Amino acid sequence: MPAIAKPRTVSGQAMTTQTEIKMKIIFLAILIILLLTNCNNSETKSVEKNNRIELVPEPDKELREEYEKQQELNKSKCAFVEPDTSVVGIKIGNVESILKILGKQTKLEGDSTHIFYSNDKKQKLGLTIHPGSYYSQVSIFNISYADKSQKNFRKINSKVFETEKGIKLGISKREIIEKLGTCYETKDSTRNNIELNYRIELPNDSKTKLLTSNNMPIYYAKYKLTNDKLENIEFGFEYP
């Protein structure tokens, strides 16, 4: 009996060992599969993340494109020499013109934009005085249509706010170019909207002397049109 019992015990141990080996192999196979799956998921997420990053717009793309367009304009040697410098007799940087049009008691403070209506309250004129400038020394003009809310703005005795070059609200792109020339760049150009930008920047001011005489580095002018009708005018000196 002892001789017969001993072989059975060895056989049982051998079967147990084989089962354990099989279980270990299965476990390792499952582990490898899980590891490979996780790696693939990680790579997929990484690709998706990279794709998402590529879709995010460049923060300063608009500024960079404007700069590149201006550089191309400069290289073309296209000189803007017909800048607007006044509206209804109010001249840029000229205090005396303010006193003549708005009255001798007028004192427009700096670091502010002062709004005036046309005499029928259909148009608005903004006069911006840069920080550090003298009282009533206008640096930027802005002309637009007035909104429906009638505010307590002073009125200027003029029905239309027109610049010295004859530019006023409602005219077309062609009329603007006829008065100011073709040395401009476009912005927000769509089927219904477009903005024409003119610019003079030191040292390219040999013809107008506008910047030198006013001790300013940059003059700009923006003309925004909707359906080929001018609806906003802004021009003047950038704050240095």
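Residues numbered from 1 in each chain as written. Predicted model: local features only at pLDDT ≥ 70, side-chain atom pairs only at ≥ 80, totals over all residues. Heavy atoms only, no water.

## Notes on the confidence of the model for the protein
Detailed conclusions should not be drawn from predicted coordinates in areas where pLDDT is low.
Now for step 1: Per-residue pLDDT for the protein averages 83, and the proportion of residues at 70 or more is 76%.
Now for step 2: Residue range residues 4-10 is modelled with pLDDT below 50. Its contacts to residues more than four positions away, or to other chains, number zero contacts.
Now for step 3: With pLDDT under 50 throughout, residues 44-56 is counted as low confidence; its partners more than four residues away or in other chains account for zero contacts. (pLDDT = per-residue confidence, 0-100. Contact = heavy atoms within 4.5 Å.)

## Focus: the pairing of strand β4 (residues 123-129)
Now for step 1: Of all the seven residues making up β4, six are buried; the element is thus mostly covered by neighbouring parts of the structure.
Now for step 2: In terms of strand pairing, strand β3 (residues 112-117) meets β4 through six bridges, oriented antiparallel. Each residue of the ladder has a partner; that of serine 112, found in β4, is isoleucine 129.
Now for step 3: What sits between the antiparallel neighbours β3 and β4 is a turn of five residues, in which lysine 121 has the positive phi angle 60 degrees.
Now for step 4: Bridge count for β4 against strand β5 (residues 140-145) is six bridges, and the pairing is antiparallel. Each residue of the ladder has a partner; that of threonine 128, found in β5, is isoleucine 140. (Buried < 20%, exposed > 50% of the residue type's maximum accessible area, 1.4 Å probe, protein only. Helix = DSSP H or I, 4+ residues; strand = E, 2+ residues; numbered from the N terminus. Pairing = 2+ DSSP bridges.)

## A word on the state of the cysteines
Now for step 1: Applying the stated rule across the entire model yields one disulfide.
Now for step 2: Through a disulfide, cysteine 78 is tied to cysteine 183; the S-S separation comes to 1.7 Å. Around the S-S axis, the bridge from cysteine 78 to cysteine 183 shows a dihedral of about -95 degrees and counts as left-handed. Of this pair, cysteine 78 sits in the loop between α2 (61-75) and β1 (86-87) while cysteine 183 sits in the loop between α4 (173-180) and β7 (185-187); the two residues are 105 residues apart in sequence, bridging distant segments of the chain.
Now for step 3: Exposure remark for cysteine 78: the relative accessible area of 26% places this residue in the partly exposed category.
Now for step 4: Residue class for cysteine 183 comes out buried when judged on its relative accessible area of 10%. (Disulfide = S-S within 2.5 Å.)

## Examining the packing of aromatic side chains
Now for step 1: Tallied over the entire structure, the rule returns seven aromatic pairs.
Now for step 2: Ring geometry for phenylalanine 80 against tyrosine 219: centres 6.3 Å apart, planes inclined by 35 degrees, an arrangement best described as tilted. Linking phenylalanine 80 in the loop between α2 and β1 with tyrosine 219 in strand β9 (residues 218-226), this pair joins segments that are 139 residues apart in sequence. Residue phenylalanine 80 shares its accessibility class with tyrosine 219, and that shared class is buried.
Now for step 3: Measuring from ring centre to ring centre gives 5.7 Å for tyrosine 184 and tyrosine 198, while their planes differ by 50 degrees; the resulting arrangement is tilted. Of this pair, tyrosine 184 sits in the loop between α4 and β7 while tyrosine 198 sits in strand β8 (residues 193-201); the two residues are 14 residues apart in sequence, bridging distant segments of the chain. For the pair formed by tyrosine 184 and tyrosine 198, the shared burial category is buried.
Now for step 4: Between the NZ or CZ atom of lysine 107 and the centre of the ring of tyrosine 135, over which it lies, the distance is 4.3 Å. (Phe/Tyr/Trp six-rings, centres within 6.5 Å; stacked < 30°, edge-to-face > 60°. Lys NZ or Arg CZ within 6 Å of the ring centre and 35° of its normal.)

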